[in-house]
Amino acid sequence: GPGERNPAGRALLGGEPVAGRRPRRAQRIDDRRLGGLGGGEEQRRHRVVGELGGPPPAHLLTRQSLTLYWRGRAEDALLRSRAGVALARRVGALRQEGRCHQAVAQNLAAQGDLAYAAAALGRATPLFERSGDHAALAATLQWSGYLYNALGRYGEARAALTAAIAEVVPRQDAEPAR
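I will try to describe carefully the structure that is included in this document.

What counts and what doesn't
Residues numbered from 1 in each chain as written. Predicted model: local features only at pLDDT ≥ 70, side-chain atom pairs only at ≥ 80, totals over all residues. Heavy atoms only, no water. Phe/Tyr/Trp six-rings, centres within 6.5 Å; stacked < 30°, edge-to-face > 60°. Helix = DSSP H or I, 4+ residues; strand = E, 2+ residues; numbered from the N terminus. Axes fitted to C-alpha atoms, helices over the stretch in contact; angles between N-to-C directions. Parallel < 35°, antiparallel > 145°, perpendicular 65-115°, else oblique. Left-handed = near helix turned anticlockwise from the far one by under 90°. Contact = heavy atoms within 4.5 Å. Nonpolar A, V, L, I, M, F, W, Y, C, P; charged D, E, K, R; others polar. Core = buried A, V, L, I, M, F, W, Y, C linked by side-chain atoms within 4.5 Å. Buried < 20%, exposed > 50% of the residue type's maximum accessible area, 1.4 Å probe, protein only. Salt bridge = Lys/Arg side-chain N within 4 Å of Asp/Glu carboxyl O.

### Thoughts on the packing of aromatic side chains
Thought 1: Per the stated rule, a full pass over the model turns up 2 aromatic pairs.
Thought 2: Ring centres of Tyr-69 and Trp-70 lie 4.9 Å apart, and the angle between their planes is 80°; on these two criteria the pair is classed as edge-to-face.
Thought 3: A ring pair is formed by Trp-143 and Tyr-146, whose centres lie 5.0 Å apart and whose planes are at 90°; its orientation type is edge-to-face. Here Tyr-146 and Trp-143 lie together in helix α8 (residues 134-150), a separation of 3 residues that amounts to about one turn.

Right, dumping it as structure tokens:
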């Protein structure tokens, strides 16, 4: 599982102790990402964590969400991913907000809430469009198509899957051969 080969990474993801204590860097990052932050202070701390070489706090919340999801703790996972959405939105991190919406969708789909999962992916789509993250946009459209198909919304499924293909095909053709 996560952190088996990297105990410091395990501390960052799950807040678990490493050899009886948490590494100082992990504790500083944990304090910054989960503390009662507000306004400009939060943005400054968001940048500080990035300068420390780690991912932004919203990304850490998404990682925690996915870890909890794989450990079977769906409700906790959903809470973490929603917290990531809120944090990313407050600091204006478009791609991270989109990725957090993807995590929300994954958690909702795992709980059988396919319509809400599709809605979460619908919130991610414009964020990836605005940020220019074409790979994430294509993946989001692809998964939206799968969800629409499962819901019996075949026209929307076809439109989403067609858009996903259109998002990547021209870019693959434009890339130089390797």
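### Considerations on the packing of helix α4 (residues 57-70) against helix α5 (residues 74-91)
Thought 1: Contact pair α4 / α5: the axes reach a minimum separation of 8 Å and the direction vectors enclose 165°. As judged from the angle between their axes, α4 and α5 are roughly antiparallel. As α4 runs across α5, the sense of the crossing is left-handed. Where α4 approaches α5, its residues Pro-57, Ala-58, Leu-61, Gln-64, Ser-65, Leu-68 and Tyr-69 are matched on the opposing element by Asp-76, Ala-77, Arg-80, Ser-81, Ala-83, Gly-84, Leu-87 and Ala-88.
Thought 2: Its residues placed into classes, the contact of α4 with α5 shows 9 nonpolar, 4 polar and 2 charged.

### A closer look at the nonpolar core
Thought 1: Of all hydrophobic cores here, the largest spans 20 residues; its most connected members are Ala-58, Val-104, Ala-105, Leu-108, Ala-117, Leu-147 and Tyr-148.
Thought 2: Elements with a contribution of two residues or more to this core: α4, α5, α6 (94-110), α7 (114-131), α8 and α9 (154-174).
Thought 3: With sequence-adjacent residues up to four places away left out, Leu-108 is seen in contact with Leu-78, Arg-82, Asp-113, Tyr-116 and Ala-117.
Thought 4: Listed in part, the 6 residues of the second largest apolar core include Ala-124, Phe-128, Leu-137 and Ala-164.

### Looking at the pattern of salt bridges
Thought 1: Counted under the stated rule, the structure contains 5 salt bridges.
Thought 2: Across the salt bridge formed by Asp-76 and Arg-73, the nearest N and O atoms sit 2.9 Å from each other.
Thought 3: With relative accessibility at 33%, the residue Asp-76 sits in the partly exposed group.

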